[in-house]
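Chain by chain, the residues:
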Amino acid sequence: MADSDIRSCTFGNLVTAMVTPFTTDGEVDYKQSAELASKLVDDGNDALVISGTTGETSTLEDDEKEKLFRVIVEAVGDRAKVIAGTGTNHTSHSIEMAKRAVKAGAHGQLIVTPYYNKPSQAGIQAHIEAVADAADLPVMVYDIPGRAGVPILPETMIRLADHPRIVALKDAKADFGAVTKVLANTDLDVYSGDDGLTLPWMSAGAVGLVSVSAHVATRQFRAMIDAALAGDFATARTIHFELDPVVRAVMSHIQGAVAAKQVLKWQGILPNSVVRLPLVEPGEAEIKIIREDLAEAGLLPS
């Protein structure tokens, strides 16, 4: 992708994979979800992923997901892109969710590698293409072998890039050689799916980040990405170092949704840090180390 085209990419440059707020009795809090989405967009997000991994998609019911898509589109859809997390490890189920995303007004869909099944590369390609075919939405493919059990090989991703609806890749496998090959051989908008690797990925041509940590430091991530897009890597590097303890706080000690909700509660943005089983809220030892990282970043909650 030419430098002049970077800012016009389909989903923008900073995307937060949004948590799903719950009430104290474990129900989806749609009002709080809309308020959180509005704040994230106000602070600098170009798009939001709804019902992705960080949104606890595995423990959301289909009707809850569809309502969330609709609520977030109504809240911020005139200012930011809403990307529906439609992917599952069951192709027909994913197709159904893609159709629901269209009905809810989503602007795109995120399709994750089928997890647990451990399909072949041919199976991965067939699954993603089938879901992409099912709905008139631009697609971001999500490659995360740490959760899915299998990677999407660069050769497979290059073939998928020929599909007219597949426009982006969220790469979360920390393989710089593999992402370089995709960047060199496709016109896909490539996003870092690892918060701490955003700067090196962008140095090779990635357009930005799909983030968890940006929940709690949106403006800093926005500034780093904008500096990198402008070719000011000295400034981007300084912010990258400043963000390192933030990324550690959110991504290194417990599952990202759990940590993000805890910090958002400390920041007064969420009223609670409720997650659904099998996730549980952090214990005392985890809270201590998260607070230490935040203190290093100058973001220690009172």
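Keep in mind it's a predicted model, so treat the numbers as computed, not measured.

1. With respect to the overall build of the protein chain
A tally of regular secondary structure across the protein chain gives 12 helices and eight strands. Its C-alpha atoms give the protein chain a radius of gyration of 18 Å, near enough to 19 Å, the size a compact globule of 302 residues would have. Taken along the three principal axes of its C-alpha coordinates, the protein chain extends 50 × 45 × 35 Å. Across the 302 residues that make up the protein chain, the buried fraction comes to 55%. In the protein chain, 71% of the contacts between residues at least 6 apart in sequence involve partners at least 24 apart.

2. Brief notes about the UniProt feature "site: Part of a proton relay during catalysis" (unreviewed entry) in the protein chain
UniProt records the feature "site: Part of a proton relay during catalysis" (unreviewed entry) at T53 and Y116, using the numbering of this structure. Checking the named residues against the largest pocket, the ones that line it are T53. Inspection of the secondary structure assignment puts T53 in the loop between β2 (47–50) and α2 (62–76). T53 sits in the partly exposed class, given a relative accessible area of 25%.

3. A look at the nonpolar core
Counting residues in each nonpolar core, the largest one holds 83 residues, and the members touching the most others are L48, I72, M157, I166 and F221. The element that contributes the greatest number of residues to this core is helix α10 (residues 233–251), accounting for seven residues. With sequence-adjacent residues up to four places away left out, F221 is seen in contact with L14, D195, L209, S211, S213, A214, L243 and V247. Grouped together as the second largest cluster of nonpolar side chains are 17 residues, V15, V49, I83 and Y191 included.

4. A look at the packing of aromatic side chains
Tallied over the entire structure, the rule returns one aromatic pair. Sitting over the ring of W266, R291 keeps its end group 5.3 Å from the ring centre.

5. Focus: the packing of α10 against helix α12 (residues 284–296)
Their axes nearest at 8 Å, the elements α10 and α12 cross at an angle of 165°. Considering their axes alone, α10 and α12 lie roughly antiparallel with respect to each other. The element α10 and its partner α12 pack so that their crossing is left-handed. Of α12, the residues touching α10 (which contributes P245, R248 and A249) are I290, D293, L294 and E296.

6. Quick look at the confidence of the model for the protein chain
Mean pLDDT over the protein chain: 95, with 97% of residues reaching 70 or higher. The low-confidence segment residues 1–7, where pLDDT is below 50, has 10 contacts with residues more than four positions distant or belonging to other chains.

7. Focus: the pattern of salt bridges
Side-chain pairing between opposite charges can occur once the charged atoms of the two side chains come close. Across all of its chains, the model carries 21 salt bridges by this definition. Here D42 makes a salt bridge to R79, at a shortest N to O gap of 2.7 Å. One end of the pair, D42, is in helix α1 (residues 30–42); the other, R79, is in the loop between α2 and β3 (81–85), and 37 residues separate them in sequence. Within the structure, one salt-bridge network assembled from shared partners comprises D63, E66, R70, E96, R100 and K103.

8. Observations concerning the sheet that holds β2
Read around the barrel, eight strands follow the order β1-β2-β3-β4-β5-β6-β7-β8 and close on themselves; strand pairing throughout is parallel. Each strand of the sheet is rotated relative to its neighbour by a mean of 25°, with strand direction disregarded. Relative to strand β5 (residues 139–143), strand β4 (residues 108–112) is paired through four bridges, and the arrangement is parallel. The partner of I111 across the bridge, within β5, is V141. Contacts from helix α9 (residues 218–229) reach β1 (14–17) and β8 (208–211), with the element oriented near 145° to β1.

9. Re the pairing of β4
Across the five residues of β4, five count as buried, placing the element largely inside the fold. Going residue by residue along β4, you find G108, L110 and V112 tucked away on one face and Q109 and I111 tucked away on the opposite face as well. Since β4 and β5 lie parallel, the crossover through helix α4 (residues 121–134) that links them has a hand, and here it is right-handed.

The rules behind the values
Sequence order sets the numbering: in each chain, residues are counted from 1 along the sequence as written. Residues qualify for local features only when their pLDDT is at least 70, as the model is predicted, and side-chain atom pairs are given and counted only at 80 or more; totals for whole chains, interfaces and linings, by contrast, use all residues. Here the side-chain values reflect all heavy atoms present in the structure, with hydrogen atoms and water set aside. Comment: elements are numbered from the N terminus, with helices defined as DSSP H or I runs of at least four residues and strands as E runs of at least two. Put simply, the radius of gyration uses C-alpha atoms, and a globule should come to 2.2 Å times the residue count raised to 0.38. Burial classes: relative accessible area under 20% of the type maximum marks a residue as buried, over 50% as exposed, and values in between as partly exposed (1.4 Å probe, protein chains only). A contact between two residues is defined here by any heavy atoms of the two lying within 4.5 Å. UniProt positions are given in the numbering used here, feature names are shortened, and annotations may be inferred rather than shown by experiment. The way it works is a 1 Å grid over only the protein atoms, where trapped points that fit a 1.4 Å probe form a cavity and open points with protein on both sides within 12 Å along at least five of seven lines form a pocket, and then any residue with an atom within 4 Å of a point lines it. Throughout, nonpolar core names a set of buried Ala, Val, Leu, Ile, Met, Phe, Trp, Tyr and Cys residues whose side chains join them through atoms within 4.5 Å. Only Phe, Tyr and Trp rings take part, Trp by its six-membered ring, and two of them pair if their centres are within 6.5 Å. Stacked means planes under 30 degrees apart, edge-to-face means over 60, and tilted covers everything else. Working rule: Lys NZ or Arg CZ, within 6 Å of ring centre, within 35 degrees of ring normal, means a charge sits over the ring. Axis definition: a line fit to C-alpha positions, over the contact stretch in the case of helices; interaxial angles, taken between N-to-C directions, run 0 to 180 degrees. Roughly parallel refers to an angle under 35 degrees, roughly antiparallel to one over 145, roughly perpendicular to one between 65 and 115, and oblique to any angle outside these ranges. Crossing chirality is assigned from the near helix's rotation relative to the far helix, an anticlockwise turn below a right angle marking it left-handed and a clockwise turn marking it right-handed. The pLDDT score gives, residue by residue, the confidence of the prediction method on a 0 to 100 scale. When a carboxyl oxygen of Asp or Glu lies within 4 Å of a side-chain nitrogen of Lys or Arg, that pair is called a salt bridge. At least two bridges found by DSSP between two strands are what make those strands a pair. Look down the strands so they point away from you; if going from the first strand over the helix to the second traces a clockwise path, that crossover is right-handed.

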